[in-house]
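Fold and geometry: a report
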Amino acid sequence: NKGSLNNCYSAGFVPDSLEGIMQTATDIAMTFKAQGGQGLSLSKIRPKGSLINNTFQSDGIVPFMEIFNTVTDSISQGGSRKGALMMSLDINHPEIETFMKIKSDHNKITKANLSVEIDDDFMQRVEAGDSEANRIFNILCEQACKHAEPGVLFTNKLRNYNLMEYVDSYQIETCNPCGEQPLLPYEACNLGSINLGRCVVEEDGILSIDYDKLTEIVHKAVHFLDNVIDVNHYPLPAIDEMTRKTRKIGLGVMGFADLLLKLGVPYNSVEAERVAEEVMSLIQSEGTKASVELALERGTFPAWEDSVFAEKYEIRNATITTIAPTGTISIIGERNGYRPLLHIACFRYFHI
């Protein structure tokens, strides 16, 4: 009864103050306790050597990375696995080289994923042959090759597709630990995945996508995920408030390779791309229809007037779709002896 049905959260930018940094450590600890993961950005923390009150010098980002790493390692989820943490840093931050190289020592920052926040301006400088930009970019590529870290977040894409962009307090700063969900500060992921391998119909010995069945599942899934927002227990009041303001859901897919196999379509073909576009277009359009229908019945999400939707139509949820990792939920589904049509990320509590 104390667990959260959401699995991933974002803390946004860590404040550049000792009080703010330690409060972030407390907040992510409470999130881990509720069996969630966290994403946070270190980009606002002043670099090593910066003056504090014109007297002392800052120790930079590394000590605080170690604090967040220790918190992640110290808090178990339900007495079993540890929490999940993703820390990101702007490519233009003075300590970006330290950040990118820190995992060269395999004994440091062992409990967190790292990602570099890259904007279009930096990539344009790389393409133009800017020596410093190329040096930094080469370090990034070398570290990713040798240590599988850091990853990258392309911030213009991440932040410019923000449906709440009209309001300063609704700016996307980073994402959840796996990177599939750009989030406002203190928002939570609410994810489910349709098993496309079960959405096939046979007629006269020919297999094809059962679009009627897929449409029905999409509408039920949107309804279900919207319900999760209301019945959930949130680890922090701020997360409760922000998640309910936007009522974001992330309906995605799994079993796409199974679907292609049944249809006889090679995975690496142009036809596979066409199928992917067709399937996701239907999920997006029908998911939007389902959310619009819910808005007529239950009302819009509270921040609707501050969103781009206010100029278009009433809708229940600020986002509808997300393509999330499905390794764990698919394995659990198979091991429990059933092959569901819809996997919900909060698999501990619900099976459909």
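Refer to the structure above for everything that follows.
I will try to describe carefully the structure that is included in this document. (Residues numbered from 1 in each chain as written. Predicted model: local features only at pLDDT ≥ 70, side-chain atom pairs only at ≥ 80, totals over all residues. Heavy atoms only, no water.)

**A word on the overall build of the protein**
Basically, it comes down to this: Helix and strand assignments follow DSSP, with helices taken as H or I runs no shorter than four residues and strands as E runs no shorter than two, numbered in order from the N terminus. With C-alpha atoms as the basis for the radius of gyration, the globule rule is written as 2.2 Å multiplied by the number of residues raised to the power 0.38. The buried label goes to any residue with under 20% of its type's maximum accessible area, the exposed label to any with over 50%, and the partly exposed label to all in between, with areas taken from a 1.4 Å probe on protein chains only. Here a residue-residue contact requires only that any non-hydrogen atoms of the pair lie within 4.5 Å. All accessible-area figures derive from a Shrake-Rupley calculation using a 1.4 Å probe, and residue coverage is judged against the displayed protein chains alone. Under the counting rule used here, the positive set is Lys and Arg, the negative set is Asp and Glu, and His together with the chain ends is not counted. Think of each charge as sitting on NZ of Lys, CZ of Arg, CG of Asp or CD of Glu.
Summing up its helical and strand segments, the protein has 11 helices and 14 strands in all. Here the protein has a C-alpha radius of gyration of 22 Å; the compact-globule value for 352 residues is 20 Å, and the two agree. Along the three orthogonal principal directions, the C-alpha set of the protein runs to about 75 × 45 × 45 Å. Among the 352 residues that make up the protein, the fraction classed as buried is 49%. Restricting to contacts in the protein with at least 6 residues of sequence separation, those with at least 24 account for 70%. When the accessible surface of the protein is totalled, it reaches about 17000 Å², and 51% of it is carbon and sulfur. Here the protein carries 32 positive and 47 negative side-chain charges, and the mean point of each set is 7 Å from the other.

**Focus: the sheet that holds strand S1 (residues 8-13)**
Stated formally: Paired strands, as defined in this entry, are two strands with at least two bridges between them according to DSSP. Here an axis means a line fitted to C-alpha atoms, over the contact stretch when the element is a helix, while the angle between two N-to-C directions is reported on a 0 to 180 degree scale.
Judged by pairing direction, the sheet is parallel, and its 5 strands sit side by side in the order S1-S2-S5-S6-S7 without closing on themselves. If you trace the sheet from one side to the other, it starts and ends with S1 and strand S7 (151-154), each paired once. Pairwise comparison of adjacent strand axes, ignoring direction, gives a mean angle of 25° for this sheet. Pairing analysis gives 4 bridges linking strand S6 (residues 113-118) to S7, with the strands arranged parallel. Within the sheet, the bridge partner assigned to Ile118 lies in S7 and is Phe154.

**A closer look at the environment of Asn7**
Tracing the backbone shows Asn7 in the segment before S1. Judged by its relative accessible area of 23%, Asn7 is partly exposed. Taking the C-alpha atoms as reference, Asn7 lies 33 Å from Ile136; in sequence the two are 129 residues apart.

**Side note on the pattern of salt bridges**
Test applied: Salt bridges are defined by distance alone: a side-chain nitrogen of Lys or Arg within 4 Å of a carboxyl oxygen of Asp or Glu.
Applying the stated criterion across every chain yields a total of 22 salt bridges. Where Lys103 meets Glu149, a salt bridge forms, and the shortest distance between an N and an O atom there is 2.9 Å. Residue Lys103 is located in the loop between helix H3 (96-101) and S6, and its partner Glu149 is located in the loop between helix H5 (131-147) and S7; the two are separated by 46 residues in the primary sequence. Residue Lys289 pairs with Glu286 through a salt bridge whose shortest N-O separation is 3.3 Å. Here Glu286 and Lys289 lie together in helix H10 (residues 270-298), a separation of 3 residues that amounts to about one turn. Residue class for Glu286 comes out buried when judged on its relative accessible area of 13%. Connected via shared salt-bridge partners are Asp226, Asp230, Asp240, Arg244, Arg247, Arg298 and Arg316.

**Focus on the packing of aromatic side chains**
What counts here: Centres within 6.5 Å make a pair out of two Phe, Tyr or Trp rings, where for Trp the six-membered ring is used; the pair is then stacked when the planes are under 30 degrees apart, edge-to-face when over 60, and tilted otherwise. Cation placement over rings: the criterion is NZ of Lys or CZ of Arg within 6 Å of the ring centroid and within 35° of the ring normal.
Evaluated as defined, the whole model comprises 3 aromatic pairs. Centre to centre, the rings of Phe256 and Tyr267 are 6.1 Å apart; their planes meet at 65°, and the pair counts as edge-to-face. Here Tyr267 lies in the loop between helix H9 (256-263) and H10 and Phe256 lies in helix H9, a separation of 11 residues in the sequence. Phe256 gets classed as buried once you look at its relative accessible area, which sits at 19%. Under the relative-accessibility criterion, Tyr267 is labelled exposed at 58%. Between Phe309 and Tyr313, the ring centres sit 5.6 Å apart and the planes meet at 45°, which makes this aromatic pair tilted. Every member of this aromatic cluster is reached through a ring pair, and the members are Phe301, Phe309 and Tyr313. The ring of Phe13 carries Lys44 above its face, with NZ or CZ at 4.8 Å from the centroid.

**Quick word on unusual backbone geometry**
A cis amide bond, omega 0°, links Glu149 with the succeeding residue Pro150. Here Pro150 lies in the loop between H5 and S7. For Gln35, which is not a glycine, the phi torsion comes out positive at approximately 70°. Even without being glycine, Ala148 reaches a positive phi, approximately 60°. For Ala148, the position within the fold is in the loop between H5 and S7.

**What to know about the packing of helix H4 (residues 120-127) against H5**
Going by this rule: By the definition adopted for this analysis, an angle is roughly parallel if under 35 degrees, roughly antiparallel if over 145, roughly perpendicular if from 65 to 115, and oblique otherwise. Nonpolar residues are Ala, Val, Leu, Ile, Met, Phe, Trp, Tyr, Cys and Pro. Charged residues are Asp, Glu, Lys and Arg, and all others, Gly as well, are polar.
It is at 8 Å that the axes of H4 and H5 come closest, and there the two elements cross at 105°. Taken as axis vectors, H4 and H5 run roughly perpendicular relative to one another. Between H4, through Phe122, Met123, Arg125 and Val126, and H5, the contact on the second element is made entirely by Ala133, Asn134, Ile136 and Phe137. Within the contact of H4 with H5, the residues separate by chemical class into 6 nonpolar, 1 polar and 1 charged.

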